[in-house]
Each structure stands twice: as structure tokens, then as C-alpha cells.
Amino acid sequence: MGIKISHEFKQTHALSMTPQLQQAIKMLTLTHLELSDVICNELTENPLLEEVENDFSTRDKNVSDVDYKIECLEMQNHEGEERSFSDLSQSVAPPTLGESLGNSVGDTEGGPPFSDYDGGRVSAGPVVDVIGGGGIQAKSMVTAADMEDVPNYENLLSKERTLSEHLEWQLRMDSLTEEEWKIAELILGNINEDGLLEYSFDEIIGKHTVDAMMAQRILKKIQLLDPVGCAASSIQESLLIQAQNCGEGTPEMELVLKKYFSELTDQNFLNSIKKDGISRGQGEHILSVIKELNPRPGLLISSTDVQYVIPDVYVSLIGDELVISLNDEGIPKLKISGQYKSMIEKLGVGSASASFSDSEVKAKDYIKDKLRSAFWLLKSIQNRQRTILKVTEAIVRLQSDFFYKGTGSLRPMILKDVAAEIGMHESTVSRVTINKYMHTPMGVFELKYFFNSGVGGRGGVDLAAEALKTKIKVLITTEDSTLPLTDQKIVEILAQEDIRIARRTVSKYREQLGISTSVQRKKRCIPGEVCT
């Protein structure tokens, strides 16, 4: 059978992921800090972009900030209809989301219609919405400088010592010889973040020619440094060193830590130690001392990078209304450079290039490319902020009881519910809620926190998983410690509230809350003795 080459025409539908579309999708997933970094990089690489600083110095002193900003909005809306590309250098008030660029998105290959481009300032936000008796309506623009929950600048500059550096600093108070310092460095270099030795002491010094007695002396010296108990070979040894340091290193304490360490949490622990002649009173005292010790002393000093959560949106309860405001703290406000505006007019970007020299054509193409890049950046930022605002509004509407009453009032909600509320695809809602945080009257929560599957069906009342966990925790914390609630008993109590769930569900949520079983929680009372 022969093989031949032929041409065939076929019509197909396909989604083309243009660079602009990829940028818009990427913007949705960026965190607050990542967005700020992207904008700063673009400011460095794109000469057509300039940062705008808000200047309210010319306003009437008798007019409040809010009233002045509302006036700016009204002026911008009025003037927006008359502005054209020739007004690129004019100074205008910061536009609301989506107004500055309007619908002037042109063909992705040819770029936006530059002659219609509005070159006014573009702000990433924030717009404030109010959800109250009259629904949602735009009220004013605020700056995140008005927000109080901003991390202290001094905290961002602090640099903590590592555990090894902290211990070495203390050792330098002593006059150690060169040989002693060699041993000390071997030990310090093998201490993990918990403060324990990564390898046994014999393995550490066995690979080097050092004096064994001197090494033991240095080890004991390090173990008594702050925090006490570091450089121990095990948790038991660390606890014993700490107990000895506070005068509680009795033979009974040593016996309990070595022989009964794994049984400390068992209810029969006090009965078990009686076999070795330790009375109930001694056992209770030993337990109380151990509870005050730190099994991982190194964590008191170990340096960890502090990750500050910067909310992308603020929800405040003012009177009976919920006020939503986007956070633009640290996000530069952008505009097209006035210097390049005049160059654009001179070269006539968007017009025929037959009459230009080669250098002018190159300059024109360069400016055209950078202008298109700046345009899409501004468009993507506005789309991101607008989408975050829409998703937040939908969450606040669907979970309004949470913002008034707390976690126990969370309703079952999935991505599909919010997507249907705002008329967007579920994947878009999912991208928007990734690593985005909301500051609420109840604390700071990730947007993903508000999405919960319904629990308690089969004829009962559907309840969000987080709300159910809260109910279980309240029941357990208010129980009679001598007669704790079993998982089955909790199921029966919830059934009285028409919340029908399986016992294994209660067990799963109890374990996620870090709560032990009813047997472990039970306190036994013996006449004449303290309940344990």
C-alpha cells in the first residue's frame, strides 16, 4: 500500500493560552507579598511604568478623608467619559476597579487599541463594600494604613541566634583551651533543633582522637547551659538533666524516666510504679515535676523564620453592617510615564511606519511592546482585585452568621456555591482562594477555611465540619471529668439537636482536635486522696 501526502482542511475548537491569559491566571494565585514583588520587578524592567504616590494635600481641611475620596470617585467617573489617549499625562484621581481600562482590550496579536487607551493612574485597590440591610453597595476607598494589624517593622529586621550559636556564646564565657574548643565544636555541630544529639556521644568522639574524660566534662558543661538539657542523647536523659538541675533528680525520678517513661500517660501508671516501692504520693509529685520540664529544650531557642500573614481583604463589623475592604498596603500604584507619553505622541505608535528611519522603527516597536506589556499588567491586577472582592462578597453573604456569631455558625459551603453566586467557574474561585487571607472580627482566616462539606445528613441538620468540631470541643470541655463523655454519648447528645452523625465521625474529629479518649480523660477519685 502506497503512502501519499495530502492537504486537508478541518475546523476545530481549541483554547489558546496566550501570554496575557497566562499572566491573568497567574495573578489570581499570587499572595499579597508575591503580587508586590511582581509589580516591583515590572517597574524595574518596564520604563513605561511609574509609581504614583497619593497626594491629598490640596483637599479642603474641613472635608473628611472618606468624603474627599468619594468626591474623587465621582469626579473620575464624570471625567472618564471625556478622556482620550491625548490626555495621557493628565493627573486624575485613582480609578475604581475596572474603570481605568474599561473594555479597551484589543486583539492579542496586534495589542490594545492604543489610540483609545486611558492612561490614567491605576490602583490595585482597595474598594470598600458594605453588606447590610440594603445589600452591597460601594461606599468609599480606604488605605491599609488605617488598618491596625500591621506587623511591627522592627520585628522584620531582627535576626535571632541559632541554638548552636546561643550555646557557643555561653561557652565563650569560660576560658576553654584549643583542645576543649575542638571537642565543643564537635558536640555543638551534632545537636538538632530539638536540642538532642543527632548521633550517640560515643559515635561523635569515636571518629576523632580526643581525650574521653575531657569530652565527658565538656558534654556535662554544655548540658547545663541555657536551655538546660541540650546535648542529651534522648528525651529521657534531657528530662533527667533538667530534673537534677532543679533539685528533683531523685532515684525515684530516674527510675520512672528510665523504666516507666512510655507509661506516663496511662491511667494505671500510679499502680504500676508501686511494684518498685514508689508510693502514690511520690508518683503524683514526679508527674507534676515532669509536666513542668521541656522534652525538647532546643525549641526554646531554635531560630525559625517568622512568616507573617498579610490579609488580602478586611471584613469589619461596624454597627450592624459588614464592611469589606481590599488591602493594597505595599502594592505600588501605577501609571504610564509622562516622559514616554510624549515619545509615543512623537513616534505615533499605532500608525504606519513607512516614513520612519530604522532607529525610529526599532524605538517604536520597543515602546509598543512595553506599552502592551504595561497595559496587560494593569488589566491583570485590576481583574485580580475585582475577582477577590467578588469572591469575598459571596463568602460574606453565604456565611454571614459566622461574622456575627463565630465558628459554630459556619454553614456547609463548596466552591460550586460561590461560583454560582458570582457567575464564575469553580476553578477561578479555587485559584482566588489559594493562600489568600481574610481579616475578620473573629480573627484571620484563609479563604479556604470557609469552605466546608455538610455533616449530619440522613434526615438530620447539615452542619459544617468546623462547626461540628466546635460543638464536640464544647461538649468535652464542659463534661464531668469523673464521668467523661464517650464518643457514642456525644453522638446521642448531637442527635437530640437533630444532628445525626456516626460514632467514627466523632472519633475522627476528636482526634483532629488533639483530645484523648474518654478512658484517658477520666479522673479517678479515691476517698481521702486527690482525684487523678
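Here is a short report on the structure shown in this document. (Residues numbered from 1 in each chain as written. Predicted model: local features only at pLDDT ≥ 70, side-chain atom pairs only at ≥ 80, totals over all residues. Heavy atoms only, no water.)

With respect to the packing of aromatic side chains
Two measures describe an aromatic ring pair: the distance that separates the ring centres and the angle between the ring planes.
Part 1 of the reasoning: With the rule as written, the count across this model stands at 10 aromatic pairs.
Part 2 of the reasoning: Centroid distance Phe402 to Phe403: 5.2 Å. Interplanar angle 85°. Geometry classified as edge-to-face.
Part 3 of the reasoning: For Phe402, a relative accessible area of 0% gives the class buried.
Part 4 of the reasoning: Ring pairs connect the aromatic residues Phe402, Phe403, Phe445, Tyr449 and Phe450, which therefore count as one cluster.
Part 5 of the reasoning: The aromatic ring of Trp181 is capped on one face by Arg172, whose charged end is 4.6 Å from the ring centroid. (Phe/Tyr/Trp six-rings, centres within 6.5 Å; stacked < 30°, edge-to-face > 60°. Buried < 20%, exposed > 50% of the residue type's maximum accessible area, 1.4 Å probe, protein only. Lys NZ or Arg CZ within 6 Å of the ring centre and 35° of its normal.)

Here's the deal with the pattern of salt bridges
Part 1 of the reasoning: Going through the model one piece at a time under the given rule, you end up with 16 salt bridges.
Part 2 of the reasoning: One salt bridge in this structure joins Arg372 and Asp369, with 4.0 Å as the shortest N-O distance. Here Asp369 and Arg372 lie together in helix α14 (residues 358–398), a separation of 3 residues that amounts to about one turn.
Part 3 of the reasoning: In this structure, Lys471 engages Glu497 in a salt bridge whose closest nitrogen and oxygen atoms are separated by 3.2 Å. Taken as a pair, Lys471 in helix α18 (residues 465–477) and Glu497 in the loop between α19 (487–496) and α20 (503–512) lie far apart in primary sequence, 26 residues in all.
Part 4 of the reasoning: Among the residues examined, Lys471 registers a relative accessible area of 28% and is labelled partly exposed. (Salt bridge = Lys/Arg side-chain N within 4 Å of Asp/Glu carboxyl O. Helix = DSSP H or I, 4+ residues; strand = E, 2+ residues; numbered from the N terminus.)

Description of the environment of Val52
Part 1 of the reasoning: Positionally, Val52 belongs in strand β1 (residues 49–52).
Part 2 of the reasoning: Given a relative accessible area of 10%, Val52 falls into the buried group.
Part 3 of the reasoning: Considering only alpha carbons, one finds Val52 and Leu334, 282 residues apart in sequence, at a separation of 5.6 Å.

Considering the nonpolar core
Part 1 of the reasoning: Membership of the largest hydrophobic core comes to 46 residues, with the highest contact counts inside it found for Ile395, Phe403, Val418, Met438, Phe450, Leu468 and Ile490.
Part 2 of the reasoning: Here the element with the most residues in this core is α14; it accounts for 7 residues.
Part 3 of the reasoning: Setting aside residues no more than four positions away along its own chain, Ile490 makes contact with Ile472, Leu475, Ile476, Leu485 and Val506.
Part 4 of the reasoning: Counting residues in hydrophobic clusters, the runner-up holds 25 residues, among them Leu171, Leu176, Leu186 and Ala231. (Core = buried A, V, L, I, M, F, W, Y, C linked by side-chain atoms within 4.5 Å. Contact = heavy atoms within 4.5 Å.)

Considering helix α2 (residues 32–45)
Part 1 of the reasoning: Between the first and last C-alpha of α2 there are 20 Å, a value that for 14 residues agrees with the 20 Å anticipated at 1.5 Å per step.
Part 2 of the reasoning: Residues of α2 that are buried: His32, Leu35, Ser36, Ile39 and Glu42. Taken end-on, α2 shows its buried residues confined to a sector of 125°, consistent with a single buried face. Residues of α2 that are exposed and point more than 90 degrees away from the buried face comprise Thr44 and Glu45.
Part 3 of the reasoning: Those residues of α2 hidden inside the fold are in contact with α1 (19–29), β1, β6 (333–336) and α14. (Expected span 1.5 Å × (residues − 1). Arc of directions from axis to C-beta.)

What to know about the pairing of strand β7 (residues 437–440)
Part 1 of the reasoning: In this structure, strand β4 (residues 313–318) lies alongside β7, joined through 2 bridges in parallel fashion. Across the sheet, residue Val313 finds its bridge partner in β7, namely Met438.
Part 2 of the reasoning: For β7 and strand β8 (residues 443–446), the ladder comprises 4 bridges, and the chain directions are antiparallel. Residue pairing for β8: Tyr437 is matched across the bridge by Glu446. (Pairing = 2+ DSSP bridges.)

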